[in-house]
Amino acid sequence: MSTDAEETSEDRRKYEFRKVLEELEEYEGSGTQLVTIYIPEDRQISDVVAHVTQEHSEAANIKSKQTRTNVQDALTSIKDRLRYYDTYPPENGMVIFSGAIDSGGGQTEMITRTLESPPDPVESFRYHCDSDFLIEPLEHMMADSGLFGLIVLDRREANVGWLKGKRVEPVKSASSLVPGKQRKGGQSAQRFARLRLEAIDNFYQEVAEMADDLMVPKRHELDGILVGGPSPTKDEFLDGDYLHHELQDKVLGKFDIAYTDESGLYDLVDAGQEALADQELVEDKEQMEEFFENLHTGGEATYGLEPTRENLVMGSVDRLLLSEDLTEDVVVYECPNGHTEYETVERRHNTADHECSECGEVAEVQEREDAVEHLMEIADQRGTETKFISTDFEKGEQLLNAFGGIAGILRYETGV
Amino acid sequence: MSEDKPHQNLAIIGHVDHGKSTLVGRLLYETGSVPEHVIEQHKEEAEEKGKGGFEFAYVMDNLAEERERGVTIDIAHQEFDTDEYYFTIVDCPGHRDFVKNMITGASQADNAVLVVAADDGVAPQTREHVFLARTLGINELIIGVNKMDLVDYSEDSYKEVIGEVEDLLNQVQFATDDTTFIPISAFEGDNVSEASENTGWYDGPTLLEALNDLPEPEPPTDAPLRLPIQDVYTISGIGTVPVGRIETGTLNTGDNVSFQPSDVGGEVKTIEMHHEEVPSAAPGDNVGFNVRGIGKDDIRRGDVCGPADDPPSVAETFQAQVVVMQHPSVITAGYTPVFHAHTAQVACTIESIDQKIDPSTGEVAEEDPDFIKSGDAAVVTVRPQKPLSIEPSSEIPELGSFAIRDMGQTIAAGKVLSVDER
Ligand SMILES: Nc1nc2c(ncn2[C@@H]2O[C@H](COP(=O)(O)OP(=O)(O)OP(=O)(O)O)[C@@H](O)[C@H]2O)c(=O)[nH]1
Ligand SMILES: [Mg+2]
């Protein structure tokens with residue numbers, strides 16, 4: 001199962017990238033002294049070194065002594081890093097960040113970070129020196145891919161929106177003037193039927209206009225369009241060629257769904273899973289659905305720090321599910337009687353005092369570590385796959401909020 | 001005259017294609033509300049469309065798309081009377097995509113006829129409709145075991161279906177002792193208004209007799225006016241006409257009313273019932289009315305009309321007790337299915353699961369559980385994603401219950417304990 005292994009490492013690398021980016025985003029330099037270099041994979045390292053040397057000598061002209069020193073230090077540090085590479089950078093290129101950041105109280109601290117092989121190739125060489133690091137191009141690569149248009153409609157109302165990566169984004173809605181079934185006030189059946197057909201036609205045009213306004217400008221980025229509604233409406237809408245022809249060509253499929261309000265957009269994404277099969281969203285969703293189903297049927301699921309950890313150590317976890325937005329540390333306590341206990345605490349919060357739940361003694365802090373690192377390490381030792389789950393969809397949000405962001409699908413019931 | 005008789009709102013429910021519309025058409029035909037030549041016309045049209053056999057259903061299925069597909073899409077009302085009652089019949093769609101419309105129809109009914117085809121028995125929407133009927137406060141069910149002609153009027157087949165239905169009623173705790181079962185053929189007309197010779201083994205009432213024997217609807221709670229809006233029409237000469245059934249209180253011309261959550265209001269100009277203008281209407285009445293200054297875009301299905309000085313509550317959040325009927329996995333905080341309450345349908349987030357309740361004793365089994373699943377009862381806090389008008393069940397039970405749907409099925413039902421108003 002080499003593909004699985006690759007996927008895991010990919011998932012994991014993304015996580016590590018994200019963490020570094022989050023860290024870098026926070027930093028600021030007091031002057032224009034933070035250096036970022038984006039290096040494409042076909043750029044010779046010797047070229048880069050030459051460029052950096054050039055910048056180093058030009059930096060001598062910087063007026064502020066402090067800034068000058070800081071920039072030159074950063075460039076020296078980058079040159080040192082570059083020595084580790086042969087002729088070319090690794091696949092997809094690399095990005096180096098270096099500079100003196102404000103570490104509070106007028107102090108500065110020199111940091112250097114290297115990110116190798118980002119998810120997409122670095123497109124062009126960039127040298128950037130500013131009061132913050134240039135992280136947007138990398139953030140852009142990290143963003144979930146996939147842009148799909150969503151349209152749901154029946155004769156009463158319609159909603160259009162996006163599926164962007166893993167997030168459903170309702171944008172616009174319309175409600176119709178199509179008369180209901182009750183015919184009133186002496187109208188002939190034929191006249192009623194004709195007026196109704198006209199009203200339906202007008203409404204379909206309105207829905208198409210709404211979709212065109214939204215999606216035509218994005219038609220080149222669009223990966224596809226899903227259309228949903230209760231039985232007949234979506235067929236009529238599509239068969240009637242109401243949509244702009246370039247959008248019509250992008251329709252991946254039509255799906256039976258009952259609701260046509262905003263919730264229908266979410267139902268449409270569920271119903272359209274097959275058409276979206278290669279999307280990351282679907283993979284995340286399937287993991288969460290399996291976990292939820294296992295919870296329903298019984299023991300092959302675990303959640304929360306301690307039970308999940310215990311299962312991991314036992315080697316009973318098939319897949320470890322961690323929320324991408326999990327920002328907690330694990331604190332390991334040990335009491336004088338040798339009981340070890342674990343608790344999670346928000347990354348930025350102080351470590352709390354802890355009483356041993358077995359003997360009531362004050363327990364000592366043994367260790368404090370990022371929860372993700374902590375669990376992933378055990379998972380790696382036991383050959384358990386780790387999956388990071390986005391919070392951009394409902395069940396992913398539930399993982400974070402209802403289960404503390406930590407869960408596992410088990411190989412067998414353990415009763416833990 | 002109709003005014004002398006008590007009013008009954010009757011829903012016709014059941015699985016798709018089991019013969020609900022055909023039964024209503026047949027009933028109207030046999031009681032003289034629909035003349036023979038109209039049925040003849042429908043027959044021609046149906047045959048032209050390759051839908052032979054749908055002539056009685058066409059009485060109710062009047063939309064082009066319904067006739068072409070032979071499927072009821074939206075609810076339709078028809079009025080007719082027996083010796084005892086003035087009936088408003090709501091023919092509900094059975095197709096799973098249109099359960100949302102069935103809920104609107106059934107939420108206005110006092111009693112219901114459940115149609116189950118003898119050759120098919122209890123099917124998915126038979127189940128879902130029965131559960132919803134119970135949730136939506138339907139008092140009594142008459143079960144029409146239909147299409148008896150297709151099983152050669154066999155008593156064994158009839159009994160088999162009765163057995164399945166009884167199991168189902170027991171499951172959702174619908175009292176079965178006073179349930180009436182009738183073997184019918186809506187298409188052939190057996191046991192609809194006249195006792196059939198084809199079912200010599202059956203000596204119970206015909207459908208018409210059973211309707212006549214229904215108990216009178218329970219008097220409503222002594223509460224202010226609450227009138228959930230089922231639809232909004234524009235009628236030339238009159239203007240905007242919201243229609244719906246009065247759940248509690250009375251509506252009089254000259255009243256100052258408020259629609260929530262749309263938050264508009266005005267003075268009631270005219271009230272129409274059974275195609276006649278009336279000065280006032282009472283609980284159970286289906287009315288169309290006109291309010292000064294209200295346009296078609298100001299109000300919508302799901303609004304509730306009440307007195308301007310005691311308007312319907314609009315919930316920021318509400319606490320409710322729910323029972324999970326069927327769910328393939330588990331329900332946690334953050335779950336956002338669609339809630340149906342009276343005629344409204346709104347996506348709502350279960351913000352917290354406060355207590356798990358032991359369904360057999362009603363006692364708290366667990367505080368703040370992480371999740372609940374099928375068979376569980378729980379107290380939950382709910383946040384509507386769009387404004388929703390709903391009332392505590394202890395104050396106005398008619399406006400205090402709801403059904404929860406997700407993934408194309410009804411997964412839970414509940415009643416409102418308290419409302420935190422916006
Ligand atoms: N043989 C026979 N066919 C029947 C009977 N009642 C209805 N049907 C047929 O069943 C089909 C469906 O009838 P409908 O009345 O449209 O069924 P429905 O329950 O209203 O269906 P939906 O509204 O779409 O859920 C039609 O072809 C009818 O002719 C019956 O008593 N005997
Ligand atoms: Mg029908």
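Bear in mind that the values here come from a model prediction, so they are computed numbers and not experimental data. (Residues numbered from 1 in each chain as written. Chains lettered and ligands numbered in written order. Predicted model: local features only at pLDDT ≥ 70, side-chain atom pairs only at ≥ 80, totals over all residues. Heavy atoms only, no water.)

Novice: Whenever I open this one, the side chain of Asn286 of chain B confuses me. Can you help?
Specialist: Residue and element names in this part refer to chain B. Summarising the element assignment, Asn286 is placed in strand S14 (residues 286-291). Of the residues examined, Asn286 reaches a relative accessible area of 12% and is grouped as buried. Within polar-contact distance, the side chain of Asn286 engages the side chain of Asn9 at 2.6 Å. Non-local contacts of Asn286, meaning those with residues more than four positions away in its chain, are made with His7, Asn9, Thr88, Gln108, Gly244, Arg245, Glu272 and Met273. (Helix = DSSP H or I, 4+ residues; strand = E, 2+ residues; numbered from the N terminus. Buried < 20%, exposed > 50% of the residue type's maximum accessible area, 1.4 Å probe, protein only. Polar contact = N/O pair within 3.5 Å; in protein donor to acceptor, adjacent residues only side chain to side chain. Contact = heavy atoms within 4.5 Å.)

Novice: Even after reading the chapter, I still don't get helix H10 (residues 305-314) of chain A, so can you show me in this structure?
Specialist: Residue pairs spaced three or four apart in an α-helix point in one direction, given the helix's 3.6 residues per turn. All names here are of chain A. All of the buried residues along H10 are Leu305, Thr308, Arg309, Asn311 and Leu312. The buried residues of H10 all sit within an arc of 165° when viewed along its axis, so they share a single face. Where H10 is buried, its residues touch strand S10 (301-303), strand S11 (317-323), strand S12 (328-334), strand S13 (340-346), helix H11 (371-382) and strand S17 (406-410). (Arc of directions from axis to C-beta.)

Novice: Explain the interface of chain A and chain B here, please?
Specialist: In many analyses, interface size is given as the accessible surface area lost on bringing the parts together. Contacts between chain A and chain B engage 32 residues on the former and 44 residues on the latter. The junction of chain A with chain B conceals about 3,400 Å² of combined surface from both sides, 50% of it contributed by carbon and sulfur atoms. It is Lys181, Tyr259 and His296 of chain A that lose the most area in chain A upon contact with chain B, and together they represent 24% of the buried surface on that side. Glu65 of chain B is paired through a salt bridge with Arg196 of chain A; the nearest N and O atoms lie 2.9 Å apart. For the pair chain A and chain B, the number of links is 14 residue pairs in polar contact (both at pLDDT 80 or more). Element by element, the count of residues in the side of chain A that touches chain B is highest for helix H12 (residues 394-403) of chain A, at five residues. (Buried area = accessible area lost by both parts, 1.4 Å probe. Salt bridge = Lys/Arg side-chain N within 4 Å of Asp/Glu carboxyl O.)

Novice: Where do I start with the nonpolar core in this structure?
Specialist: Soluble, globular proteins show a tendency: their nonpolar side chains are buried together. Residues Ile13, Val113, Ile143, Val165 and Leu211 of chain B are the most contacted members of the largest nonpolar core, which totals 66 residues. Here this core takes six residues from helix H6 (residues 155-171) of chain B, the largest share from any one element. Apart from the residues within four sequence positions on either side, Leu211 of chain B is in contact with Leu10, Leu27, Phe80, Tyr85, Phe87, Val113 and Ile142 of chain B. One finds Leu150, Val269, Leu295 and Ala301 of chain A within the second-largest nonpolar core, a separate group that totals 29 residues. (Core = buried A, V, L, I, M, F, W, Y, C linked by side-chain atoms within 4.5 Å.)

Novice: Sorry, what's going on with the environment of Asp17 of chain B here?
Specialist: All names here are of chain B. Within the element layout of this structure, Asp17 appears in the loop between strand S1 (7-13) and helix H1 (20-30). Relative accessible area serves as the criterion here: at 48%, Asp17 is assigned to the partly exposed category. Along the sequence, Asp17 and Asp368 sit 351 residues apart, while their C-alpha atoms lie 44 Å from each other. Apart from the residues within four sequence positions on either side, Asp17 is in contact with Phe54, Gly70 and Lys147.

Novice: Sorry if this is basic, but what is going on with the coordination of the magnesium ion (ligand 2) here?
Specialist: Six octahedrally arranged donors around a metal ideally form angles of 90 or 180 degrees; four tetrahedrally arranged donors ideally form angles of 109.5 degrees. All names here are of chain B. Every protein donor of the magnesium ion (ligand 2) is listed here as Ser21 (OG) and Thr72 (OG1), and their distances to the metal cover 2.0 Å. Highlighted residues: Ser21 in helix H1 and Thr72 in the loop between helix H3 (64-69) and strand S2 (76-81), separated in sequence by 51 residues. Accessibility classification places Ser21 together with Thr72 in one group, the buried group. (Donors = N, O, S within 2.8 Å, 3.2 Å for Na, K, Ca; no water.)

Novice: Can you walk me through the UniProt feature "binding site: Mg(2+)" (unreviewed entry) in chain B in this structure?
Specialist: This chain's UniProt record puts "binding site: Mg(2+)" (unreviewed entry) on Ser21 of chain B. Residues contacting Ser21 of chain B, with those up to four places away along its chain left out, are Phe56, Ala57, Met60, Asp61, Thr72 and Asp91 of chain B. (UniProt positions renumbered as here; feature names shortened; annotations may be inferred.)

Novice: Explanation requested: the pattern of salt bridges in the structure shown.
Specialist: Opposite charge on two side chains lets them pair, provided their charged atoms get close. In total, this model carries 44 salt bridges over all chains according to the counting rule given. Between Asp256 of chain A and Lys234 of chain A there is a salt bridge, and its shortest N-O distance comes to 2.7 Å. A residue pair is termed long-range when its members are at least 10 positions apart, and Asp256 of chain A in strand S9 (residues 251-256) and Lys234 of chain A in helix H6 (residues 231-239) qualify at 22 residues. Note on Lys234 of chain A: relative accessible area 3%, which makes it buried. Note that Asp74 of chain B is salt-bridged to Arg301 of chain B, the shortest N-O span being 3.8 Å.

Novice: Explain the pairing of strand S16 (residues 314-324) of chain B to me, please; I cannot follow it from the model alone.
Specialist: A regular strand carries its side chains on alternate faces of the sheet. Residue and element names in this part refer to chain B. Of the strand pairs in this sheet, S16 and strand S21 (residues 388-389) are connected by two bridges, and their pairing is antiparallel. The residue of S21 that forms the bridge with Val314 is Ser389. Direction of pairing for S16 relative to strand S23 (residues 409-421): antiparallel, over a ladder of nine bridges. The residue bridging Ala315 from the neighbouring strand is Glu421, located in S23. Across six bridges, the pairing between S16 and strand S20 (residues 377-384) is antiparallel. (Pairing = 2+ DSSP bridges.)

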